[in-house]
Amino acid sequence: MQKKGSSNRLPASPVRSRNIPTLLLFMLATFASIYIAGRLWQDSQYRVQVIKQLDGVTVQEKSAISVDDTLKIIACREQQRKLSAVEEELAAAAKEGFSSKRSTHSDGIDSKKKLMLMIGILTKFDRKNNRDAIRKAWMGAGPASKKMEEERGIVARFVIGKSLNQGDGSDGAIATENMQTNDFIILDKHIEAPAGLPEKTKLFFAYAAEKWNAEFYAKVNDDVYVNIDAIGSTLAAHLDKPRVYIGCMKSGEVFSELNNRWYEPDWWKFGDKKAYFRHASGEMYAISQALAQFISINRSILRTYAHDDVSAGSWFIGLDVKHVDEAKFCCSSSSSDLTNFSSRLEDIGIPIPCFVSKANDCAFHVPS
């Protein structure tokens, strides 16, 4: 019976034998996960310590910044301040109507075609007779003015500011005259005054440099007759000079007496001998494009003195500029050659007080 019972006993289950390796694998995987997690945690703690140490070093370096680095930082801040100031000046200039765009302007000037000369004739409200005389004598009006531009590359405009009482009859008269002739530069930000001529001259050059693309820019008084042929050929001889200042160069006494007509408030700046530096006479002088652009860029900081010719000379005295004492810019009324020419002007009804001697090829003429 026992044998029979033993023969009927079931064999060991194969499922239990297979569960043992699976359990071992699970345990090994668990231990491995715990080990890896521990190592990662240790690595993270190490990284935290390294970062803290690096931060400490950085702080020490910042606190121990060198003098050279400090100066560099100060210089950078100063450059940033200057840049901001320049941006403000450009914005202010744009509001005043100064534009650097090179395109065809409303008065028909194509700035892509470079002119030989842009002439600014500084005038006053009560000088209409002079302006009419200049138009008839050499500047022309309408088609004649356009012809001078196209054939000779010369443009001329009368330059005037605003009345102290803006919008009054003086401003209205200029506006009406300009509607008929279209030959004015009206400086809206300048108030006409006897002492304002130096500032007016500066604003003219700044405006003209932005408005017209020319080799030269000339300032002329409204009692001067310009010989277009002579001035054109004279300036053409100096095209090879990038920065040139051309005129009848002179000097003169600086007057410190308050009641003197030529009183100079800044007389003490000119030394014990009280003599002005060499500069071009104010009746007429010309400057190259680079100098006109210099005035335009620096107009807000350029100093003016009591007289416009001295002021202009002071702007160039410290620059690398060629001063040309041009004899053709030094004409007088003593020449007998003026007789026939002045008679011809009188015949056509031109009451102009200044003429040119074509025989001696002067660029202009001013009476003595």
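All of the points below concern the structure found in this document. (Residues numbered from 1 in each chain as written. Predicted model: local features only at pLDDT ≥ 70, side-chain atom pairs only at ≥ 80, totals over all residues. Heavy atoms only, no water.)

Here we look at the packing of aromatic side chains
Then, number 1: Under the counting rule described, the total for this entry stands at six aromatic pairs.
Then, number 2: Seen from their ring centres, Phe 205 and Tyr 285 are 6.2 Å apart, and the 40 degrees between their planes marks the pair as tilted. Residue Phe 205 is found in helix 7 (residues 197-211), and its partner Tyr 285 is found in strand 7 (residues 275-288); the two are separated by 80 residues along the sequence.
Then, number 3: Look at Phe 205 and you get buried, because its relative accessible area is 1%. (Phe/Tyr/Trp six-rings, centres within 6.5 Å; stacked < 30°, edge-to-face > 60°. Helix = DSSP H or I, 4+ residues; strand = E, 2+ residues; numbered from the N terminus. Buried < 20%, exposed > 50% of the residue type's maximum accessible area, 1.4 Å probe, protein only.)

Here we look at helix 5 (residues 143-152)
Then, number 1: Of all the positions in helix 5, only Ser 145, Met 148 and Glu 149 are classed as buried. The buried residues of helix 5 all sit within an arc of 95 degrees when viewed along its axis, so they share a single face. For helix 5, the exposed residues lying more than 90 degrees away from the buried face are Pro 143 and Glu 151.
Then, number 2: Check the buried side of helix 5 and you find it contacts strand 1 (115-122), helix 4 (128-139), strand 2 (154-162) and helix 8 (228-236).
Then, number 3: Taken from the residues just after helix 5, Gly 153 is the one with a positive phi, measuring 70 degrees. (Arc of directions from axis to C-beta. Contact = heavy atoms within 4.5 Å.)

Some details on the packing of helix 4 against helix 6 (residues 169-181)
Then, number 1: Taken N-terminus to C-terminus, the directions of helix 4 and helix 6 make an angle of 10 degrees; their axes are 13 Å apart at the nearest point. Of the possible angle classes, the one that applies to helix 4 and helix 6 is roughly parallel. Residues Lys 128, Arg 131 and Arg 135 of helix 4 pack against Ile 174, Glu 177 and Thr 181 of helix 6.
Then, number 2: Split into classes, the residues belonging to the contact of helix 4 with helix 6 amount to one nonpolar, one polar and four charged. (Axes fitted to C-alpha atoms, helices over the stretch in contact; angles between N-to-C directions. Parallel < 35°, antiparallel > 145°, perpendicular 65-115°, else oblique. Nonpolar A, V, L, I, M, F, W, Y, C, P; charged D, E, K, R; others polar.)

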